[in-house]
Amino acid sequence: MSIKRSFLGVPIHLGTLLLAFFLVGGVDAYAVNPDVSDSEDAIQAGQALFNANCKTCHKLDQRYTGPALRGVTERRELDWAKQFIVNSQLLIQSGDAAAVALYREYNNIVMPSHDFLSDGDVMNLLSYIEYGDTAEAATEAGAVGEGGATGGGGVPSEYLTIMLVVLVFVLLLILVVLGLIVSVLTKYMNSSDKLDDEDKAFINQKGSVKKLLTSDGFIVIVTTIVLALVVKTAIDGIYGVGIQQGYAPAQPIAYSHQLHAGQYEIQCQYCHTGVEIGKSANIPSANICMNCHMHIQNVGGQEGISPEIAKLYDAYDNNRPIEWVRVHNLPDLAYFNHSQHVVVGGIECQTCHGPIEEMEVVYQHSALTMGWCIDCHRNTEIASQGNEYYDKLVLLHADSKDALKVKDIGGLECAKCHY
Amino acid sequence: MRDNKKTYWKGLEQLTNDPEFVKHADKEFAENLPLHKSNEDGSASRRDFLKMMGFSLAAASLAACEAPVRKAIPYVTKPVDIDPSVPNYYASTFVSGGDYASVVVKTREGRPIKIDGNTLSPITQGGTSAIVESSVLSLYDKQRISGPHINGEKVTWPNFDVDLSSKLSSAGTVKIVTNTILSPSTEKALAAFAETMGNVEVVTYDPISNYGITKASETYYGVGVLPSYYFDKASVIVSFGADFLGTWISPIEYSKQYSKGRKISKENSNMSRHFQFESNLSLTGANADYRTPIRASQSGLAVLALYNLLARKAGAATVNAPAIEINHLSKAADELWANQGSALVVSGSNDPNVQVVIHAINDLLQSAGNTLSLAQAAHFRKGDDARMNQLVTELNGGSIGAVIFYNCNPVYDFARGTELAEAIAKARVSVSTSEAMNETAAKVQYLAPDHHFLESWNDFNPKVGEYSLSQPTISPLFDTRQAQESMLKWAGVSTPYYDFLQANWRETFFTSGEVSGDFQQFWDECLHNGVFHVSNEGLGEPASLGDISASAAAIGTSYRGDNTGTELVVYAKVGIGSGAHANNPWLQEMPDPISKATWDNYLTVSQKWANDNGLKMFEGATKLANLTVNGKSISVPILVQPGQADGTVGLALGYGRTDAGRVASGLGVNAYALLDSSKGFVNYDVTEGVTVELTGDSYKIAQTQTHQTYMDRNFVVQESTLGEYKKDASAGRYHPKVYKEGEFFKPSKISLWAGHKYSQHHWGLAIDLNSCTGCGACTVACQVENNVAVVGKQEVLNRREMAWIRIDRYYSSPTGATSNKELEQAADNPEVIFQPMMCQHCNNAPCETVCPVVATTHSSEGLNQMTYNRCIGTRYCANNCPYKVRRFNWFKYHDNQDFAGYNVAQNDDMGKMVLNPDVTVRSRGVMEKCSMCVQRIQAGKLTAKKERRKIQDGEINVACAVACPSEALVFGDMNDPESKVYQMLKIQENTDSAFKEVNEERAFHVLEEINVSPNIWYFTKIRNKDINEA
């Protein structure tokens, strides 16, 4: 039966390939560029740089605001990686296909330029990216696996898509092969004359689609699936009520954070004066705008007064406050204080507000749900260094292996935010 | 076990164990009360159907709805000192007539939201009262007069000034009628006005007059001043009807002083002894060690008898006086005499003759210069009843050209108000500067509304040598103008009052060389502190003229020891006072400290009177009576008041307002109309011509006294006497024991719970029952701080008041009572004890374990947290709370037309400006309770964290403790050995355990036997009585 063997051979061969593919992709899908040092010093230096510049948007083994970084020197040319790190916009504008694709994939979020990094710095950074925190990678990958969440684990997401396509293709192929086998067998049995009428009837019976559709089993299965989908959608919908992630309303003046905070690098606190004082960070009052705009009347040295800046002058001259549209809306029942997080916690603005310095129009970066708050309180260490208030707590916590986190000092309690 | 066998009762219905009372007491929530105002048959109407339809529609569209667009509107030019969300504090002064308190105003985003006491003031020393606390709401009264009016028509200020100035200059005699003016600059402005106009006279009267004292000082010392009293320096205090802790002259100051003399510890067990002789049970009488109910007609004779007793001891001449037998009077005389120089006798009478004898008694006791001072005279009362009386006659005669009512309301609150109301029309020009509409302003032609005190500049001189300032904390909300500025304007002076005031200070303190250096610096400092002290003002104590025979003779004829008729004693309530602030719903809903009644006044009668007249009062259900006083008759509800002297009835001032505004108009009856001023002074004791006739009409008084009663659990309050305490510091303490396997244990030693650990803070509150006078300042302070809703009279009747802190007032009698006779004995003159009660923040909290949605939880700092957004309103927690301190929102009290008339702070756009932005306004269907001012704790912690330091004791304090004028509540961190609460409780070693071992013998937990382990500790009340009288 040579035909049969050859048919069976296809799936076996494909299966072997697939297994090999999994092993390669999942365990050791890449080989690190040999120029990247794996010395302890380089990794440590890289870690410091990573924490200072990259951590807000990147993780080593997990897709975050930006892609998971480990394996980048295998996926890309070393030079390309270096160029992208130092100034990604330059690369994208030059029309580099890979860079543009990446930029599109991550919702056109601009990665700030890091032209202050020396070549050595970048190499150290890459050392950390490739060799740093491998333990963390394992646990994170494990956690993702257990939770069944999508997002890649150790496998980059583009491979996952390819794998899925291949899988579907293989399944279809198996279906075709099985069909062929059935028809061959039917023919063979029909040609045999050892069968009685009853057997023949059995062999030649036709499956009725109508019968299948009206069968109890089918109806139960379909109903269950439909119901499950409806319930899931409804629950998702309810959980989504009031969540305005991505909310980017049009403002009365087309103010660009990308220009002010990104290009001109004006400190956030310069305008948002309340951020270290009180609950509210303060939308700057017009007089703060006027500190600069008394002189600056248009963008990039152009002639005349820009129509947007003219709106500011109008408000200021006529003592008419500018009615900005609130982007971040917390419900009244939740108490939030900026100074607690910024002064005491030492949290960067971008941690919650995202890459604000790249936003032409400000949008709500984080979900601002209670779960989001609580997650951060679970994971964030207390900035207890040099703060006498925490002395006793640090002392009592000294025996513990884990760092002193917000959750350890009552940061998950209701009346910390609700009263 | 304790040896105290007293029976404690909140109301007479509890004493008799009335079955209805028991039924209510056993239930947390009253039953079968309608949740809807209309629709009594309970069936669903078409409206309900539509509502339900609406609800389903809303639910269906919820998923599709977008959050509303919210605006963030910054300043155009941000003021330097205002940061959104950061409060600013300004020192200022609360003054209403002669009532005075130095205060600190908390503002948020430029809105005053809370008033605290100013600790720099040597007079009020950081204390406040219910009236002072609530005054911030009157600023946001939407019904204040919106601008100048002429004959009911709104005009502009320039037109108003032109019109009035010409009228005034041609009016002839001008009279300015006012309550006591404490402000030197105001007096100067009035003088400037008088100088320009010519023929101007300022007539001063006070709604609650103490003319008797100033008049007596003039007779006895030759100087018509009100003395300063120093209750802290007195070891023996005798008061004849003076309610100095509640309503008499300067109660905040006196409470501060009084409580100093009542704080005891094992190291210092000296305590003042206080005798009270009075007709109505007053707040002060309730705090007295020895109280004797006497008839008003006997009060003058009692004072004379005391004089004679002391005079005999002193070897001075006695005076002729009818003999009278008064319980405890000779004991009081003995002790006063034994404590010469540290004894003080005061009287609430407005009869100058009685006050002359009081002066003479204090003279015998060498009180002047020790426990009172005429040299440091107080200026709180300058009213002249006789002059005011005459003015009404003059006005009636039509001889007066113009009358200006400067921030006063005599039509309502002067004895001859009704006459005055008609006489005003006889003056050619009549003006009122009142900021809000009132009975007098309704009768005048010209309305020139003044600013609210929180919008004004002013200075005050409450006592010789003591000055204070008030400054605006908000821009004027209406088109009003400061009255002093108006006066100056009409006198042709166009200086703004601020400049006038500053110039006056420059002149008085600077040019005279009182202060040197830079004026601006001096001014800024005074403004910052709110107070200024001048040391070399005042002269020595004046010598007495010594003759009291004329006064004694007058007393002998006007008082009788054998009166048998009914006598009416008119008094002021702690919350409402003279009625000037009656339109404030916070004050109306504050239960009266003694009667626990809200939203009403009533005729207080003794249990004997009730028995004789067949009246049985039950939980506020009573009958109306016709009260006739010298021909004037009014219909008034009866309230049976334990401790009321037989033969007397009491009626409170401050009610029966007709033009007060939406809250107060139409509440109660006006007692001023029953007063008599024909003897040259306003007499608050009507001893003749009073009849009370019970009618068949039923009435309900909204009394909270029996609400939230502990079920059959004793030892809630624990007390002893000083004699016992000196023998054994734990006297009066009840030490429950729990039986387990053959042994008896302290309840806290046996627990199902592992117990919390408080590693950083352990917040706690120590409440000294010996210091608490029951004044209720804390309850209003809590209401302001925590946005507690006002629910109105009907909902109080439904037992649904929302107060987070209440003051339980217990009477005690030697035995219970089943028959009317026994009831009469028990209610004759019961002892009274006050206990502030709020969430006890239990470490083994019963509420936490029963909540099905974990909406109430325990914090790592010892707080019992209530999370409104998680609460679904099962009310299990309230059912399981042994202290009955949880409050359920039966309605949406905010933005609800049904409550707009009471809950003004949560219903109109202006009233809402008073809300504390850091505290959620609760909605219908959720439970709420005392949070131990968690917003203040969080704010205090944040400040410390930002400054990278530990929290210092005292920098965080809860609203009730801040307000308390007797420092009865002490808040602090029980984990901090430096804290006052730690030291007061003498906590054994510093542990982070929730269960603190406390070594202070007086400290106890309420209901210790159930071992819920509260974080609120109480200290036993110690009465300064002899041992055998316990």
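Residues numbered from 1 in each chain as written. Chains lettered and ligands numbered in written order. Predicted model: local features only at pLDDT ≥ 70, side-chain atom pairs only at ≥ 80, totals over all residues.

Engineer: So what exactly am I meant to see when it comes to the overall build of chain B here?
Structural biologist: If you tally the helices and strands in chain B, you get 30 helices and 43 strands. Its C-alpha atoms give chain B a radius of gyration of 29 Å, within 12% of the compact-globule value 31 Å for 1030 residues. Its C-alpha atoms give chain B principal-axis dimensions of roughly 90 × 80 × 70 Å. Per-residue burial for chain B yields a buried fraction of 57% across its 1030 residues. Expressed as a percentage of contacts within chain B between residues at least 6 apart in sequence, the contacts between residues at least 24 apart total 74%. (Helix = DSSP H or I, 4+ residues; strand = E, 2+ residues; numbered from the N terminus. Rg over C-alpha atoms; globule rule 2.2 N^0.38 Å. Buried ≥ 20, exposed ≤ 12 C-beta atoms within 10 Å, placed from the backbone. Contact = placed C-beta atoms within 7 Å.)

Engineer: Whenever I open this one, the overall build of chain A confuses me. Can you help?
Structural biologist: Secondary structure summary: chain A contains 20 helices and 1 strand in total. When the 419 residues of chain A are sorted by exposure, 19% land in the buried category. Relative to all contacts within chain A whose residues are 6 or more apart in sequence, the contacts with residues 24 or more apart total 68%.

Engineer: Looking at this structure, I do not really get the sheet that holds strand E14 (residues 343-347) of chain B. What am I missing?
Structural biologist: Strand pairing in a sheet takes place through backbone hydrogen bonds and is either antiparallel or parallel in direction. Residue and element names in this part refer to chain B. Overall, parallel pairing links the 4 strands, which are arranged E13-E12-E11-E14 in an open sheet. Of all strands in the sheet, those bounded by a partner on one side alone are strand E13 (290-293) and E14. Each neighbouring strand pair of the sheet contributes to a mean axis angle of 10 degrees, computed without reference to strand direction. Where strand E11 (residues 236-240) lies against E14, 5 bridges are found, and the strand directions are parallel. Each residue of the ladder has a partner; that of Ser-239, found in E14, is Val-346. Running over the sheet, helix H11 (residues 329-338) touches E11, strand E12 (273-278) and E14 and is turned about 135 degrees from E11. (Pairing = 2+ DSSP bridges. Axes fitted to C-alpha atoms, helices over the stretch in contact; angles between N-to-C directions.)

Engineer: Would you mind going over the pairing of strand E26 (residues 632-640) of chain B with me for this structure?
Structural biologist: Each regular strand carries side chains that alternate between the two faces of the sheet. All names here are of chain B. The pairing of strand E24 (residues 603-605) with E26 spans 3 bridges and is classified as parallel. Residue pairing across strands places Thr-604 opposite Leu-639, the latter belonging to E26. In this sheet, E26 lies alongside strand E25 (residues 621-629) in antiparallel orientation, the contact comprising 6 bridges. Its bridge partner lying in E26, Leu-624 is registered against Pro-637. Taking the residues that link successive antiparallel strands as the turn, the E25-E26 hairpin has 2 residues, and the phi of Asn-630 there is positive, at about 45 degrees.

Engineer: Help me understand the packing of helix H6 (residues 184-197) of chain B against helix H17 (residues 497-511) of chain B in this model?
Structural biologist: The description of two helices packed together rests on the angle between their axes and the distance between the axes. Residues and elements named next belong to chain B. At a closest axis distance of 10 Å, the pairing of H6 and H17 adopts a crossing angle of 110 degrees. Between H6 and H17, the crossing angle belongs to the class labelled roughly perpendicular. For H6 against H17, the interelement crossing comes out right-handed. Across the interface between the two elements, Pro-184, Ser-185, Lys-188 and Ala-189 from H6 touch Phe-500, Leu-501 and Asn-504 from H17. Of the residues in the contact of H6 with H17, the class split is 4 nonpolar, 2 polar and 1 charged. (Parallel < 35°, antiparallel > 145°, perpendicular 65-115°, else oblique. Left-handed = near helix turned anticlockwise from the far one by under 90°. Nonpolar A, V, L, I, M, F, W, Y, C, P; charged D, E, K, R; others polar.)

Engineer: Before we go on, may I ask you to explain the interface of chain B and chain A in this structure?
Structural biologist: Bring the parts together and some accessible area is lost; that lost area is often taken as the interface size. Each partner contributes to the interface: chain B provides 41 residues, whereas chain A provides 50 residues. Residue assignment for the side of chain B that touches chain A shows that the elements contributing at least two residues are strand E2 (71-72) and helix H28 (934-946) of chain B. Top contributing element to the side of chain B that touches chain A by residue count: H28 of chain B, with 6 residues. Classifying every residue of the side of chain B that touches chain A by side-chain character gives 17 nonpolar, 13 polar and 11 charged. Pairing geometry for strand E1 (residues 324-325) of chain A and E2 of chain B, over 2 bridges, is antiparallel. Each bridged residue has a counterpart across the sheet, and for Trp-324 of chain A the counterpart in E2 of chain B is Ala-72 of chain B.

Engineer: Is there a simple way to explain the packing of helix H2 (residues 40-53) of chain A against helix H7 (residues 119-131) of chain A in this structure?
Structural biologist: All names here are of chain A. Interaxial distance between H2 and H7 falls to 7 Å at its minimum, and their mutual angle equals 95 degrees. Classified by the angle between their axes, H2 and H7 sit roughly perpendicular to one another. Facing H2, whose interface residues are Ala-42, Ile-43, Ala-45, Gly-46, Gln-47, Leu-49 and Phe-50, H7 presents Asp-121, Asn-124, Leu-125, Ser-127, Tyr-128, Ile-129 and Tyr-131. Partitioning the contact of H2 with H7 into residue classes produces 9 nonpolar, 4 polar and 1 charged.

Engineer: Before we go on, may I ask you to explain the sheet that holds strand E1 (residues 7-9) of chain B in this structure?
Structural biologist: Residues and elements named next belong to chain B. On the basis of which strands lie adjacent, the open sheet formed by 3 strands has the order E1-E34-E35 and antiparallel pairing. The open sheet is flanked by E1 and strand E35 (831-837), the only strands paired with a single partner. Within the sheet, the average angular offset between the axes of one strand and its neighbour, ignoring direction, is 30 degrees. Pairing of E1 with strand E34 (residues 806-813), which is carried by 3 bridges, proceeds in the antiparallel orientation.

Engineer: Mind showing me how you'd approach the environment of Asp-976 of chain B here?
Structural biologist: Residue and element names in this part refer to chain B. By secondary structure assignment, the location of Asp-976 is in the loop between strand E40 (969-973) and helix H30 (980-985). Residue classification places Asp-976 among the buried positions, given that 20 C-beta atoms sit within 10 Å. Measuring from C-alpha to C-alpha, the distance between Asp-976 and Gln-760 comes to 9.0 Å, with 216 residues separating the pair along the chain. Apart from the residues lying within four places of it in its own chain, the contact partners of Asp-976 are Asp-953 and Tyr-982.

Engineer: Please clarify how the pairing of E34 of chain B should be interpreted in this entry.
Structural biologist: Residue and element names in this part refer to chain B. For E34, the tally of buried residues reaches 7 of 8 residues, placing the bulk of the element in the interior. With 7 bridges joining them, E34 and E35 adopt antiparallel strand pairing. Within E35, the position partnered with Ser-812 by the bridge is Glu-831.

Engineer: For this particular structure, what's the right way to read helix H8 (residues 251-260) of chain B?
Structural biologist: Working note: α-helix, 3.6 residues per turn, so residues spaced by three or four point in the same direction. Residues and elements named next belong to chain B. Extensive coverage of H8 is indicated by the burial of 9 of its 10 residues. The set of residues buried in H8 consists of Pro-251, Ile-252, Glu-253, Tyr-254, Ser-255, Lys-256, Gln-257, Tyr-258 and Ser-259. Where H8 is buried, its residues contact strand E4 (99-108) and strand E10 (226-229).

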